[in-house]
Amino acid sequence: MTRRFGMRPRVMRALTGVAWREYLRTPEAVFWTYGFPLVMALVLGFAFGEGRQEPAHVGVVATAPAGTSFAEKLREHGGGRLHVEVVEESRARRALTLGRVDLVVRGDAEHPAFELDPARPGSELARLLTEDALASVRGEPRPVRATIEAVDEPGDRYIDFLVAGLIGLNLLGAGIYGIGYNLVLMREKHLLRRLAVTPLGRGEFLLSYVASRIVLAMIPPLVIVAFAWAVFGVPVRGSFLALLGLFLLGSFTFCGIGLLVGSRTQSTETVSGLMNVVMLPMWLLGGVFFGNERFPELLQPIVRTVPMTWLTDAIRGVMLGSLETGGIAIAAAVLGAIGLLCFCLAFKLFRWT
Amino acid sequence: MNERAGIAGRGGGVALRCVGLVKRYEDVVAVAGLDLEVRTGECFGLLGPNGAGKTTTIEICEGLLAPTDGTVRVLDMDWTHDATQLRSRIGVTLQETRLFAKQTVRELLALFVALYDDARSADELLAIVALEEKAGARYQHLSGGQKQRLAVAAALAGRPDLLFLDEPTTGLDPQSRRSLWDVIRRFRDDDGGTVVLTTHYMDEAEALCDRVGIVDHGKLIALGSPRELVSSLGAAHVVEVDADGIDAAFDTAALEALPGVVEHACTTERLTLTVRQPHVAVPAVLRAVEAKSLRLRGLSTRHLALEDVFVHLTGRHLRDGEAE
Ligand SMILES: Nc1ncnc2c1ncn2[C@@H]1O[C@H](COP(=O)(O)OP(=O)(O)OP(=O)(O)O)[C@@H](O)[C@H]1O
Ligand SMILES: [Mg+2]
């Protein structure tokens, strides 16, 4: 007798095997899940990781009185931290817009005029350095500036922040692509239709499919953590077991969202749009590449709703000790609740055809 | 003995019954009030032009689509109450399916085998459709015909009582087609199974099906054994006469005056007659051709085939539609 809503271990095993082989025999998919976060960690880790400071780029307008020699002087007095070039008046604005220079200087050492984009992070530094250099050109003493201690201890660097974001993105991809997109692909190929006319139960199918993907999705985050530790010395300060639990929970939540997205969408074109709608706020507001606490008040409700925020916060909490145990537990509970809700909805909405 | 064999045995029962089946989409009526009865143990063929509603009908019977109106009983059960039971007793190939691309033939069959509580083994299935050589090949690397055979093997995995095959031999070479016919015949004769299939090949329907139904515009317009349908035209032979300028020489009255002619069609070079008795009609035609002093270039006669019935019936429908 077939149990429509019961789970037959034989069926679950067979489907899990199919799902694993299907993934492992697709080298592109394996590359994207493993290669992408590691390359990203390397590039971003090295780009923002070392204590090196980029010089500030300053453009001196050529028509200014004594344009070229003024530029020479500025360069001399800039102490190696100013990269000075001469620009045509007609090109000055464009150089600024394109970010080739952080600051445009007109006039001379006595009456300088700056042009800059205050919203750009480098422009304040460029202004400070240029003012220092101008004071030096005029023979005035340099203004007193406090000594600077560079933050490059493990645990406080950008790479330490980034690792949790990369793990979050990886789990998100596994859920949305691995479950959501693939499900729609299977529907589009009429493969789900074919399975629907067999005694395969909806529960048997969805659970074994999702479970096999969740297990697979647990591996890349572990690789990322190991890689970040080996290459950058990124620490795991809290409990490793708690970290594992968070990976599982994050995977569960995103798989639930993926399942919901793919539960009855008919074509891969439609689901691609839907996936972007789901993923974009997570990428931008989820605390992946940069902290999201300073986003405008208006956005904070969304920031606090996207599961990615809770996941990256909790992972950082465990890895870097930046969150109390209570905070981690709350984040875990929120993730679990969102995941469960998505699963129940998806199970109700799911269609074979 | 298997308990099912008793139920499915050739007791003259009805394996499938559709009454007043209707399937309406927003702007099309795919099935427009179709009645159908398939007897236990027979091979039934659904024929009809593209878009006639064959796939829609068959998918309603498989429980994949809900009809807008009408009832379906399959193996004495219906989809609202006995879906689980039914799914374990039917085998299906869909008109268009792609399975898991990266799995091998054997792995795919093993999956289908696992889905049924009483199933054939993967090896047995491989042997039935003669795919042993390809057992280790991935689905994505199979030829179209090999995929079709695999689909039929998968349909047989659960020892079904009723097999639904939607265009199972489309795209197959003549050899593979005949070997698939054998698979289907063995299922019917040795396992006592019932088959409902669709096809666009009239020779296939003639060779394989005990009875056929011709569907057009969502309705059943003819039903019977291929032989019955052919004789229903009231003629059994086609005579073709080739001669230049033959259409000018014979007007309608002249053609109808020929003995035993049921239907006629004429082009500048060829006169096609459907006749009851060729031994009466042919000499008369030849005399007429000689009388008009035309130069005869060819003459052939053949038995009427199902294809002629099909064209006759569905062609007429098309004209009816245009006349409106
Ligand atoms: N989901 C759908 N939405 C709208 N119209 C549909 C849908 N499915 C089928 N149709 C229409 O219903 C009609 C019958 O389609 P069906 O697939 O049953 O034809 P068929 O007899 O199987 O044709 P073929 O020989 O080409 O396979 C067609 O006109 C088709 O366009
Ligand atoms: Mg069809």
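Structural data are supplied above this passage.
Residues numbered from 1 in each chain as written. Chains lettered and ligands numbered in written order. Predicted model: local features only at pLDDT ≥ 70, side-chain atom pairs only at ≥ 80, totals over all residues. Heavy atoms only, no water.

Draft legend 1. Spotlight on the pattern of salt bridges. All told, the structure shown has 32 salt bridges over all chains when counted by the stated rule. The salt bridge partner of B:D117 is A:R8, with a shortest N-O separation of 3.1 Å. With B:D117 in the loop between helix 4 (105-115) and helix 5 (122-128) and A:R8 in the segment before helix 1 (9-24), this pair bridges two chains. Look at B:D117 and you get partly exposed, because its relative accessible area is 37%. (Salt bridge = Lys/Arg side-chain N within 4 Å of Asp/Glu carboxyl O. Helix = DSSP H or I, 4+ residues; strand = E, 2+ residues; numbered from the N terminus. Buried < 20%, exposed > 50% of the residue type's maximum accessible area, 1.4 Å probe, protein only.)

Draft legend 2. The arrangement of the pairing of strand 12 (residues 270-275) of chain B in detail. Residue and element names in this part refer to chain B. Summarising the sheet, strand 10 (residues 237-243) and strand 12 pair through six bridges and their orientation is antiparallel. Its bridge partner being in strand 12, V241 is matched across the sheet by L271. Across five bridges, strand 11 (residues 261-266) lies against strand 12 in antiparallel orientation. Each bridged residue has a counterpart across the sheet, and for A265 the counterpart in strand 12 is T272. (Pairing = 2+ DSSP bridges.)

Draft legend 3. Local environment of the sheet that holds strand 1 (residues 56-61) of chain A. All names here are of chain A. Taking strand neighbours across the sheet as the criterion, the four strands line up as 2-1-3-4 in an open arrangement whose pairing is mixed. Unpaired on one side and paired on the other, strand 2 (82-87) and strand 4 (112-115) mark the two borders of the sheet. Ignoring strand direction, the axes of neighbouring strands in this sheet form an average angle of 30°. In terms of strand pairing, strand 3 (residues 103-107) meets strand 4 through four bridges, oriented antiparallel. By the bridge assignment for strand 4, R106 is matched with A113. The strands that helix 4 (residues 89-97) touches are strand 1, strand 2, strand 3 and strand 4; relative to strand 3, the one it contacts most, it runs at about 155°. (Axes fitted to C-alpha atoms, helices over the stretch in contact; angles between N-to-C directions. Contact = heavy atoms within 4.5 Å.)

Draft legend 4. A look at a nonpolar patch on the surface. Residues and elements named next belong to chain A. Side chains of F31, W32, F36, L280, W283 and L284 sit close together on the surface and give an oily, nonpolar patch of about 620 Å² of accessible area. Among the structural elements, F31 can be located in helix 2 (residues 27-49). Taking the relative accessible area as the measure of exposure, F31 reaches 47% and is therefore partly exposed. (Patch = residues over 30% accessible without salt bridge, like charges linked within 9 Å, V, L, I, M, F, W, Y side chains within 5 Å. Areas by Shrake-Rupley, 256 points an atom, 1.4 Å probe, with all protein chains shown as cover.)

Draft legend 5. Up close: the environment of A:M12. All names here are of chain A. Here M12 lies in helix 1. Expressed as a C-alpha distance, the spacing of M12 and S212, which sit 200 residues apart in the sequence, is 9.3 Å. Discounting residues that sit within four places of it in the chain, M12 has contacts with M7, E204, L207 and S208.

Draft legend 6. The arrangement of helix 5 (residues 121-137) of chain A in detail. Residues and elements named next belong to chain A. With 17 residues, helix 5 ought to run about 24 Å at 1.5 Å a step, and its terminal C-alpha atoms sit 26 Å apart, in line with that. Within helix 5 the residues assigned to the buried category are S123, A126, L129, T130, D132, A133, L134, A135 and S136. Directly beyond the C-terminal end of helix 5, a positive phi value near 80° is found at G139. (Expected span 1.5 Å × (residues − 1).)

Draft legend 7. Just helix 10 (residues 240-262) of chain A, in detail. The end-to-end C-alpha distance of helix 10 of chain A is 33 Å, a good match for the 33 Å that 23 residues give at a rise of 1.5 Å each. Between the side-chain oxygen of the N-cap and the backbone nitrogen of A:L241 there are 3.2 Å, and the N-cap of helix 10 of chain A in question is A:S239. (Polar contact = N/O pair within 3.5 Å; in protein donor to acceptor, adjacent residues only side chain to side chain.)

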